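Coordinate analysis (summary)
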Amino acid sequence: MGLFDKFQGMAAARSELEALRIDPFGVEIERIISPTEGIIHGRHTILAGTNNYLGLTFNPECIAAAHRALDAEGTGTTGSRMANGSYSGHRRLEEELAAFYGMRDAIVFSTGYQANLGMLAALTGPNDVVLLDADCHASIYDGCRLSGAEVIRFRHNNAADLAKRMRRLGARAADTLILVEGIYSMLGDCAPLKEIVDVKREFGGYLLVDEAHSLGVLGERGRGLVEELGVLADADFIVGTFSKSLGGAGGFCVSDLPALDLVRYSSRPYIFTASPSPATIASTRQALHILADGRELRARLRENFERLHAGLTAMGYTLGASPSPVIAVVFGETITTLKFWHDLLQRGVYVNLMLPPATPNGVSLIRCSVSAAHTPEQIDAVCAAFADLRAVT
Ligand code: PMP
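Residues numbered from 1 in each chain as written. Predicted model: local features only at pLDDT ≥ 70, side-chain atom pairs only at ≥ 80, totals over all residues. Heavy atoms only, no water.

1. Some remarks on the domain arrangement of the protein
Accessible area lost on assembly of the parts is the figure often given for the size of an interface. For the protein, the domain assignment lists domain 1 (7-47 + 295-392) and domain 2 (60-292). Placing the centre of domain 1 and that of domain 2 at their C-alpha centroids yields a distance of 27 Å. Domain 1 puts 18 residues into the contact, and the matching count from domain 2 is 19 residues. Summed over both partners, the interface of domain 1 with domain 2 comes to about 1400 Å²; 57% of that surface belongs to carbon and sulfur atoms. (Domains from an automatic or database assignment. Contact = heavy atoms within 4.5 Å. Buried area = accessible area lost by both parts, 1.4 Å probe.)

If you want it as structure tokens, here you go:
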């Protein structure tokens, strides 16, 4: 088999899309106007698929902080955290993240993807067992692969299935790592964290919660599902990203366990890549500050996602979960979903197209993500576009 033969299936699929003149994975935002608006294909478009949950990408204080860092510290660190890439801003952000969660320490990684890779590859190895929710994000699966650990999947959001598998492990259960998310990225549903914590209490083990989509969104201070459900102290590791509610790029892990610091010395995705730029770190620090005080932003976000959820439900769409900032409309056939996505874009609404194998249970999804920065009129415009297309589904 030739080196490029593996691409043939993909090339054929792309040709089919080209014939339909639909390019869902190469969308270029020709001009970004605000957290919720851009120009795509020359058309003014409402952005409803950006994970910009608090709308902080254009926050003046975050922009000013980034400008100051750019002027004072330059465009990049040109090195890894382990070598020349730890500036005082990186370390201060780690301290601020640890304080935000009331935990001992934090590690800043270059992306959220690398935070999962870096944590899993350092914490677990070929002699360890990880138990992961079947719907976990690709970065968690890839981290497991990099670690070489034995991977046992449990049924999505099914604490009883987790308990069954923990029981089977016997004495080994006490050293397993349980991997779940707060809000799941595709369907927008929440983990049954209290039940999962109960299983951990019964069998032992360690719990890592990826709060990529719940940081800034849930909990009084925005600390995610762990805060919302009152189980923050039961999470051994919390992973998050700067690329969603914090409006930047980068990732982190916080923990109260002293061993966290040792991860730095054995985590290849931490050691062998350049650290986030000073401007990114500065805007993220400012955004974290705003997020912690962001009750109003969270309230506005909730109003917006409840409005969209109610609108789509009233039209009879099948939605993936109860209201959350991630609202997934479930479709059957891939081709119908593709055309629907394209028709939304033609009506000036950008959302995410999610197709198997990236989706749970092989479903095709139109995934909307709602922002606190959306106006009620924009949410209504999104609803109107969905209403327009209702006949075709
Ligand atoms: N974890 C989850 C659950 C995610 O959904 C994502 C990104 N979609 C990541 C991690 C990776 O984050 P980043 O984009 O910052 O690399």
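2. Focus on the nonpolar core
Counting residues in hydrophobic clusters, the biggest one holds 111 residues, and the most contacted among them are I366 and F386. A domain-level breakdown of this core finds at least three residues from each of domain 1 (7-47 + 295-392) and domain 2 (60-292). If we ignore the near neighbours within four places in the chain, the residues touching I366 are I327, A328, V329, F331, T337, F340, W341, L344, V351, N352, L353 and F386. Counting five residues, the second-largest nonpolar core is a separate cluster that includes M186, L187, A328 and M354. (Core = buried A, V, L, I, M, F, W, Y, C linked by side-chain atoms within 4.5 Å. Buried < 20%, exposed > 50% of the residue type's maximum accessible area, 1.4 Å probe, protein only.)

3. Quick notes on the pairing of strand β8 (residues 206-210)
Among the five residues in β8, four count as buried, and that is most of the element. Sheet analysis places strand β7 (residues 177-181) next to β8, joined by five bridges and oriented parallel. What sits directly across from E181, in β8, is D210. This β-α-β element, β7 to helix α7 (residues 193-203) to β8, shows right-handed connectivity. (Helix = DSSP H or I, 4+ residues; strand = E, 2+ residues; numbered from the N terminus. Pairing = 2+ DSSP bridges. Right-handed = clockwise from strand over helix to strand, strands pointing away.)

4. Thoughts on the pattern of salt bridges
For the structure shown, the criterion picks out 21 salt bridges. Among the salt bridges present, the one from R165 reaches D161, with a minimum N-O distance of 3.0 Å. With R165 and D161 both in helix α6 (residues 159-169), this residue pair falls four residues apart, about one helical turn. What makes R165 partly exposed here is its relative accessible area of 22%. Between E220 and R295 there is a salt bridge, with the nearest N and O atoms lying 2.5 Å from each other. Of this pair, E220 sits in the loop between β8 and α8 (225-228) while R295 sits in helix α12 (residues 295-314), and the two are 75 residues apart along the sequence. When its relative accessible area of 40% is taken as the criterion, R295 is described as partly exposed. (Salt bridge = Lys/Arg side-chain N within 4 Å of Asp/Glu carboxyl O.)

5. Some details on the sheet that holds strand β11 (residues 326-331)
One open sheet accounts for three strands, arranged β11-β14-β13; its pairing is antiparallel. At either end of the open sheet lies a strand with only one pairing partner, and these are β11 and β13 (352-354). On average, each strand axis in the sheet is inclined to that of its neighbour by 25 degrees, with strand direction left out of account. In this structure, β11 lies alongside strand β14 (residues 364-369), joined through six bridges in antiparallel fashion. (Axes fitted to C-alpha atoms, helices over the stretch in contact; angles between N-to-C directions.)

6. Points about the sheet that holds strand β2 (residues 37-40)
Across the sheet, four strands lie side by side as β1-β2-β3-β12; this open sheet has mixed pairing. Of all the strands in the sheet, just β1 (31-34) and β12 (349-350) have a single pairing partner and so form its edges. Taken together, the four bridges between β2 and strand β3 (residues 43-47) define a ladder with antiparallel strand orientation. The residue of β3 that forms the bridge with I39 is H44.

7. Brief notes about the side chain of S277
As for its position among the elements, S277 is in the loop between α10 (268-271) and α11 (278-292). There is a polar contact of 3.0 Å between the side chain of S277 and the side chain of T280. Discounting chain neighbours no more than four positions away, the residues touching S277 are T75 and G76. (Polar contact = N/O pair within 3.5 Å; in protein donor to acceptor, adjacent residues only side chain to side chain.)

8. Some words on the site of the ligand
The ligand sits among 15 residues. The nearest are Y113, D210, H213, T241 and S243. Within the contact set of the ligand, a nitrogen atom lies 3.0 Å away from a side-chain nitrogen or oxygen of K244. Taking 390 Å² as the accessible area of the ligand by itself, protein coverage stands at 83%. Taken together, the residues of the shell around the ligand break down into two nonpolar, 10 polar and three charged. (Near = heavy atom within 4 Å. Areas by Shrake-Rupley, 256 points an atom, 1.4 Å probe, with all protein chains shown as cover. Nonpolar A, V, L, I, M, F, W, Y, C, P; charged D, E, K, R; others polar.)

9. With respect to the packing of aromatic side chains
Summed over all chains, the structure comprises nine aromatic pairs. Plain terms: the ring middles of F4 and F7 are 6.3 Å apart, the flat faces sit at 25 degrees to each other, and that makes the pair stacked. Plain terms: the ring middles of F242 and F252 are 6.0 Å apart, the flat faces sit at 15 degrees to each other, and that makes the pair stacked. Placement of the pair is F242 in the loop between β9 (237-241) and β10 (251-255) and F252 in strand β10, with a sequence separation of 10 residues. Taking the relative accessible area as the measure of exposure, F252 reaches 1% and is therefore buried. Following the ring pairs from residue to residue traces out a cluster consisting of F100, Y101, F242 and F252. One residue, K6, lies across the ring of F7, its end atom 5.7 Å from the ring centre. (Phe/Tyr/Trp six-rings, centres within 6.5 Å; stacked < 30°, edge-to-face > 60°. Lys NZ or Arg CZ within 6 Å of the ring centre and 35° of its normal.)

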